[in-house]
Amino acid sequence: MPILAYHHSPDWTQELYQATIDQVIPDTNNLPSGMIAHYAAPLEGGGWQVVDVWESAEHHDRFLRERVIPAAQELNAPPFKTEMTELYNSLVA
């Protein structure tokens, strides 16, 4: 079941996001297994947010556990909140 994952933190910055993404997806033409889409943007009032669409929660959880968390720890990044839900519909131009 496809899922939508929403990650956000008032303590993340664009620079921290970019340093992390450079480590976890060094080739943006070769997305991780199970990733359908990835979007990142600043939060109104400060901070950073990421919205991903994944083929399954298992794909998302594995990527977070094996790639994102270790990279964030290496960069001494503050924690971020993650919310997930099953995807009901998707329309893409």
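In this text, all values refer to a predicted model and were calculated from it rather than measured experimentally.

Chemist: Quick question: what am I supposed to make of empty space enclosed by the protein here?
Modeler: Rolling a probe over the atoms, with the probe sized like a water molecule, indicates the empty space that remains. Per the stated rule, a full pass over the model turns up one cavity of 30 Å³ or more. In terms of lining, the largest cavity is formed by 21 residues, of which the most central are His7, Tyr17, Val50, Val68 and Phe80. Elements with a contribution of two residues or more to the lining of the largest cavity: β1 (3-9), α1 (14-24), β2 (35-42), β3 (48-54) and α2 (57-74). Sort the elements by how many residues they give to the lining of the largest cavity and β3 lands first, with five residues.

Chemist: What am I meant to see in the nonpolar core here?
Modeler: Grouped burial of nonpolar side chains is what soluble globular proteins tend to show. Of all hydrophobic cores here, the largest spans 18 residues; its most connected members are Trp12, Tyr17, Val24, Ile25, Trp54 and Phe63. Looking at this core, the elements with two or more residues in it are β1, α1, β3 and α2. Broken down by element, this core gets its largest block of residues, five residues, from α2. The residues touching Ile25, leaving out its near neighbours within four places in the chain, are Asn30, Leu31, Pro32, Met35, Phe63 and Arg67.

Chemist: It is not clear to me how the pairing of β2 should be interpreted in this structure. Could you clarify?
Modeler: Successive residues of a regular strand alternate their side chains across the two faces of the sheet. Here seven bridges tie β2 to β3, and the two strands are oriented antiparallel to one another. Paired with Met35 across the bridge in β3 is Trp54. Taken together, β2 and the strand that follows it, β3, pair antiparallel across an intervening segment of five residues, in which Gly45 is found at a positive phi of about 90 degrees.

Chemist: Is there a simple way to think about the packing of aromatic side chains in this case?
Modeler: Centre distance and the angle of the planes are the two values used to describe a pair of aromatic rings. Summed over all chains, the structure comprises three aromatic pairs. Where Trp12 meets Phe80, the ring centres are 5.7 Å apart and the plane angle is 85 degrees; that geometry is what we call edge-to-face. Pair noted here: Trp12 is in the loop between β1 and α1 and Phe80 is in the loop between α2 and β4 (81-86), with a separation of 68 residues, a long-range link. Given the relative accessible area of 9%, Trp12 is considered buried. A ring pair is formed by Trp54 and Phe63, whose centres lie 5.3 Å apart and whose planes are at 40 degrees; its orientation type is tilted. By relative accessible area, Trp54 is classed as buried at 0%.

Definitions and limits used
By convention here, each chain's residues receive numbers from 1 onward along its written sequence. Predicted model: local features are reported for residues with pLDDT of at least 70 only, side-chain atom pairs are reported and counted for 80 or more only, and whole-chain, interface and lining totals are derived from all residues. Values reported for side chains reflect all heavy atoms of the structure, with hydrogen atoms and water molecules removed beforehand. Buriedness of a pocket was judged along seven lines, with at least five required to meet protein on both sides within 12 Å; pockets are open sets of points on a 1 Å grid over the protein atoms alone, cavities are sets where a 1.4 Å probe fits but cannot get out, and lining residues have an atom within 4 Å of a point. Grid points are joined across faces, edges and corners, and a volume is the space filled by probe spheres set on the points. Elements are defined by DSSP. Helices are runs of H or I of four residues or more, strands are runs of E of two residues or more, and each kind is numbered from the N terminus. For the purposes of this section, nonpolar cores are sets of buried Ala, Val, Leu, Ile, Met, Phe, Trp, Tyr and Cys residues that join through side-chain atoms within 4.5 Å. Residue burial is assigned from relative accessible area. The probe radius is 1.4 Å, only protein chains are included, and a residue is buried under 20% of its type maximum, exposed over 50%, and partly exposed in between. Two residues form a contact once any of their heavy atoms are found within 4.5 Å. Criterion used throughout: strands pair if DSSP finds at least two bridges between them. Each Phe, Tyr or Trp ring, with Trp reduced to its six-membered ring, pairs with another whose centre is within 6.5 Å; inter-plane angles below 30 degrees give stacked pairs, above 60 give edge-to-face pairs, and intermediate values give tilted ones.

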